[in-house]
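# Analysis of the macromolecular model
Residue strings, one per chain:
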Amino acid sequence: MKVRSDILRTYQGVHTWTGIIAGLVLFIGFYAGSLTMFKHEIQQWAAPIQAPKVTSSNYDYQTLVDTAINEHSEQLAKGFNLDLHTQDAPLSWYIKGNARGMELDKQLNFAHLNADGSLNVSVQTENELADLVDYLHRTAGFIGEIGHDQSGVYILGIACILYFLALVSGVIILLPTLVKTFFALRKEKGPSRLWLDSHNMVGIASLPFHLVIAFTVVVFAFHDFIYGGLAQFYDGKPLFQRPTPAAQSFHIENLPRIDEQVLAAKNYAPGYEPIHIRYSNLNSASPSAVFMMSNNNAVVRGPDTDYLFMNPYTLEVVNSSYPQGEDAVWGNMVASIFSLHFGTYGGDWGRWGYFIMGLLGAFLFYSGNLLWIDKRFKKDPNKRSTLFMAKLTIGVCLGSMIAVAFTLVAAKWLPAFVSNTNYATLYSYYAAFFVFVIYSFLKPVQKATTVGFYLLASLCALMVLSTLVKLASDTNSLFYSSYLVDIVAAIFAATFFKVAKRQQQKQATQTIMPTFEQAGQS
C-alpha cells in the first residue's frame, strides 16, 4: 500500500511525540497491570491470613453466622463478609474502615468456630499490598485526588488518548511495508534495527488488545463526564436506577438462612457458584447482599467474578453484571467494557494471556523511548535534552520495577517487625523508586541501566530465597499455596540477569540501545 511521503512524515511526528509524552506513565500502568492479574496470589504470597484452614464441603456456615450475630449483632448489622470458597477464616467484618478504597489502617475481625462450637475472633489489620499494586496500575503512582477519584486516574486517561493516537499513527506509518516486514527481525542490521523490528511486531500483533485497553481506560477515567453527557439525552434521568427502599426497616435477627440465599442466587444464574457474599446495611430499609458468582466455563464481566446484588431478606435480585436484556443497553455495555479490560472472561488462560500482553505493552513503551533516544544520540551524543530523556526513561522504567520488587520482598518480612505493614510498604515503593531515579541521573546511562537490571535480578531472586527461608522456619509451611509467584520471580530473575550481563558487556558509550551481537560474541 502506498502512502504519500508528506503524510507519513506527519504521522511519524504524531506517533513519536504522543508515544514519548505518554510512554513512561503507560509503562508503569501496564507493568503493574500485568501483576494485578494475579494480585490475590501475590497477596497470599506476602501475607497469608493466619487462621485455621476450613473447606466449603464440611463447614457449617449457618452456625458460624448465627453465633456471630448473637454475640456481635450491632457490628455485623453494619456489614460483614462471608467467604464460601476459602481455606481461611470464612467470616469477617470491618471495625475500622470499609471495603471501598485503599486506606492504610483498615482493621477487620476474622471469625471461625472452635472445635467446641464457640466463636473465635481475631483482629487483623488488612494488608493492602495487592491494592497498592492495583493503585500503581490505575494511577501510575501519582498521588493526590481530584474530586472523588485519584489524580493519577485522570492522568492515565489523558495518556491513553495520546496512546490511541500513537497506535493509529503507528499503523499508518507501517502500512507501506507491513506485509514485507511484519515478521522480520533483522538482527544482522544492528541492534537499532532489531529493536525497531521487535517494537513494530509487538505493536501490530497486539493491536486489538491495545485498542481495547486505550478505550476502556478512557471510559474508566472520565465515566462521570460520559454518564453526565449521556444523561442529557434522557431528560436528566439517571442511567442506572437505584432500588427503591422498602417501606419499613429490616433487622439482622430475621436474616434468612445462608443456604436459602445461595439457592436464590443459583436459580437466578444457573451454572454459577456463589463464592463470596458481602452484606451491608442489614438494619435498614435498603439492605444489600453482593454475591460474587464464579463459573469457569462462562464469560466473566468483573475483575474476578460476576456480581449479583440481592436484597438478602426478600431474596429479590435488584441488579447484576449479567446481560440484562434489551432494555438495559447501558448496563450491558458497561459490563462488557469492564469484562474486556479486566481480562478475567477467559479463566486462567485469559489471566495468563493478559499478564503476558501487559508485559509486552510495557516493552512497547520502553522500546519506543529507546529508539527515539538512540536516533538522537547518533545525531548529537552531547545534546542535553536527549541525555535527560535517556536518564529519565531508565530511572522511571527500571525504577518502577525495582520499587515493586523491593516492596514485595519487604512485605514478606515486615509482619515480623510491625503490626501494620501498609505504611511501610507504601514508603518502600516510593523510596526505592526515587532513589533509583536520582541514581540514574547521577551515573552514566549505560552504568545505570546495568545496575538497574542487576538490582532487578537480585530482588526477584531474593523473593524466591525469602520463601525458602519462610518455608524452612514456619510451622504453617504445609499450607503454602503461592508457588506460582516464586516460579515467575525465578524466571524474571534469570531474564534480568541475562539482560544485565549483556548490558555490562557493551562498550562504555552514551548509546542506550543494547547490542545483542556484542553479547552473543563474548
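Residues numbered from 1 in each chain as written. Predicted model: local features only at pLDDT ≥ 70, side-chain atom pairs only at ≥ 80, totals over all residues. Heavy atoms only, no water.

So, about the overall build of the chain. A tally of regular secondary structure across the chain gives 18 helices and 10 strands. Out of the 522 residues in the chain, the part that is buried amounts to 47%. Split by element, the accessible area of the chain, about 26300 Å² in all, is 61% carbon and sulfur. (Helix = DSSP H or I, 4+ residues; strand = E, 2+ residues; numbered from the N terminus. Buried < 20%, exposed > 50% of the residue type's maximum accessible area, 1.4 Å probe, protein only. Areas by Shrake-Rupley, 256 points an atom, 1.4 Å probe, with all protein chains shown as cover.)

Moving on: the packing of aromatic side chains. Two descriptors summarise a pair of aromatic rings, namely the distance from one centre to the other and the angle between the planes of the rings. The tally for this structure, following the rule as stated, stands at 26 aromatic pairs. Between phenylalanine 250 and tyrosine 313, the aromatic rings sit 4.7 Å apart at their centres with planes inclined by 10°, giving stacked as the arrangement. With phenylalanine 250 in the loop between α10 (223–231) and α11 (258–268) and tyrosine 313 in the loop between β9 (306–310) and β10 (317–320), this pair connects stretches of sequence that are 63 residues apart. An aromatic cluster is built from Phe38, Trp352, Phe355, Phe453, Phe492 and Phe496, whose rings are joined through pairwise contacts. Its end group placed over the ring of tryptophan 45, lysine 412 keeps NZ or CZ at 4.2 Å from the ring centre. Over the ring of tryptophan 413 we find lysine 470, and its NZ or CZ is 4.6 Å from the ring centre. (Phe/Tyr/Trp six-rings, centres within 6.5 Å; stacked < 30°, edge-to-face > 60°. Lys NZ or Arg CZ within 6 Å of the ring centre and 35° of its normal.)

Attention now goes to the sheet that holds strand β3 (residues 107–113). The strands that make up a sheet are held in pairs by hydrogen bonds between backbone atoms, and each pair lies either parallel or antiparallel. A sheet is described by the order of its strands in space; here eight strands give the open sequence β4-β3-β2-β1-β7-β8-β9-β10, paired in antiparallel fashion. Only two strands of the sheet have a single neighbouring strand rather than two, namely β4 (119–125) and β10. Here the strands of the sheet are splayed against their neighbours by 25° on average, with no regard to which way each runs. Note that β3 and β4 share seven bridges and pair antiparallel. When the bridges of β4 are listed, asparagine 109 appears paired with valine 123. Sheet contacts for helix α3 (residues 61–71): β1 (79–83), β2 (91–96), β3 and β4; angle to β3, the most-contacted strand, approximately 125°. (Pairing = 2+ DSSP bridges. Axes fitted to C-alpha atoms, helices over the stretch in contact; angles between N-to-C directions. Contact = heavy atoms within 4.5 Å.)

The buried fraction of β1 amounts to four of the five residues, a majority that puts the element mostly inside the structure. Alignment of β1 against strand β7 (residues 273–280), held across five bridges, turns out to be antiparallel. Looking at the pairing, leucine 82 lines up with isoleucine 277 of β7. Inspection of the sheet shows β1 paired to β2 by two bridges, in the antiparallel sense. When the bridges of β2 are listed, asparagine 81 appears paired with serine 92.

Attention now goes to empty space enclosed by the protein. Taken as a whole and judged by the stated rule, the model has three cavities of 30 Å³ or more. Estimates place the volume of the largest cavity at around 260 Å³. Taken together, the elements giving at least two residues each to the lining of the largest cavity come down to α1 (5–36), α2 (39–46), α13 (347–379), α14 (384–413), α16 (445–473) and α17 (483–504). A class-by-class count of the residues in the lining of the largest cavity yields 17 nonpolar, no polar and one charged. (1 Å grid on protein atoms, 1.4 Å probe; cavity = no way out; pocket = protein on both sides within 12 Å on 5 of 7 lines; lining within 4 Å. Points joined across faces, edges and corners; volume = space filled by probe spheres on them. Nonpolar A, V, L, I, M, F, W, Y, C, P; charged D, E, K, R; others polar.)

A separate point is the packing of α14 against α16. Their axes nearest at 9 Å, the elements α14 and α16 cross at an angle of 10°. Comparing the axis directions of α14 and α16 gives the class roughly parallel. Tallied by class, residues from the contact of α14 with α16 come to 20 nonpolar, four polar and three charged. (Parallel < 35°, antiparallel > 145°, perpendicular 65-115°, else oblique.)

The sheet contact formed by β2 and β3 spans five bridges and is antiparallel. In the strand pairing of β3, tryptophan 93 is matched with asparagine 109.

Time to look at the environment of glycine 361. Along the polypeptide, glycine 361 turns up in helix α13. Residue glycine 361 is classed as buried on the basis of its relative accessible area, which comes to 0%. C-alpha separation for the pair glycine 361 and serine 206, spaced 155 residues apart in sequence, amounts to 8.3 Å. Among all residues touching glycine 361, those that are not within four sequence positions of it are Phe30 and His210.

Turning next to the nonpolar core. Counting residues in hydrophobic clusters, the biggest one holds 79 residues, and the most contacted among them are Leu26, Phe27, Phe30, Tyr163, Tyr366, Tyr429 and Phe496. Sort the elements by how many residues they give to this core and α14 lands first, with 14 residues. In terms of nonpolar packing, the next biggest core, distinct from the first, is built from 35 residues, Tyr59, Tyr61, Leu308 and Tyr313 among them. (Core = buried A, V, L, I, M, F, W, Y, C linked by side-chain atoms within 4.5 Å.)

Another aspect to go through is unusual backbone geometry. Unlike most non-glycine residues, alanine 140 shows phi in positive territory, near 60°. As for its position among the elements, alanine 140 is in the loop between α5 (129–139) and β5 (145–146). For asparagine 281, which is not glycine, the phi dihedral falls at a positive 55°. By secondary structure assignment, the location of asparagine 281 is in the loop between β7 and β8 (288–294).

Inspection of the secondary structure assignment puts tyrosine 322 in the loop between β10 and α12 (329–342). Of the residues examined, tyrosine 322 reaches a relative accessible area of 8% and is grouped as buried. Taking the C-alpha atoms as reference points, tyrosine 322 and arginine 301, separated by 21 residues in sequence, lie 7.6 Å from one another.

Glancing now at α5. Most of α5 sits inside the fold, with nine of its 11 residues counted as buried. Where α5 is concerned, the buried positions are Leu129, Ala130, Leu132, Val133, Asp134, Tyr135, Leu136, His137 and Thr139.

A few words now on the confidence of the model for the chain. Residue-level pLDDT values for the chain average 82, and 82% of them are 70 or greater. Of all the helices and strands in the chain, helix α18 (residues 516–521) carries the lowest mean pLDDT, 35, while helix α15 (residues 422–442) carries the highest, 94. (pLDDT = per-residue confidence, 0-100.)

Going through the model one piece at a time under the given rule, you end up with six salt bridges. With its nearest N and O atoms 3.1 Å apart, the salt bridge here joins arginine 138 to aspartate 134. Taken together, the residues span about one helical turn, with arginine 138 and aspartate 134 both in helix α5 at a distance of four residues. Arginine 138 gets classed as partly exposed once you look at its relative accessible area, which sits at 31%. Classification of aspartate 134 by relative accessible area gives buried; the value is 17%. (Salt bridge = Lys/Arg side-chain N within 4 Å of Asp/Glu carboxyl O.)

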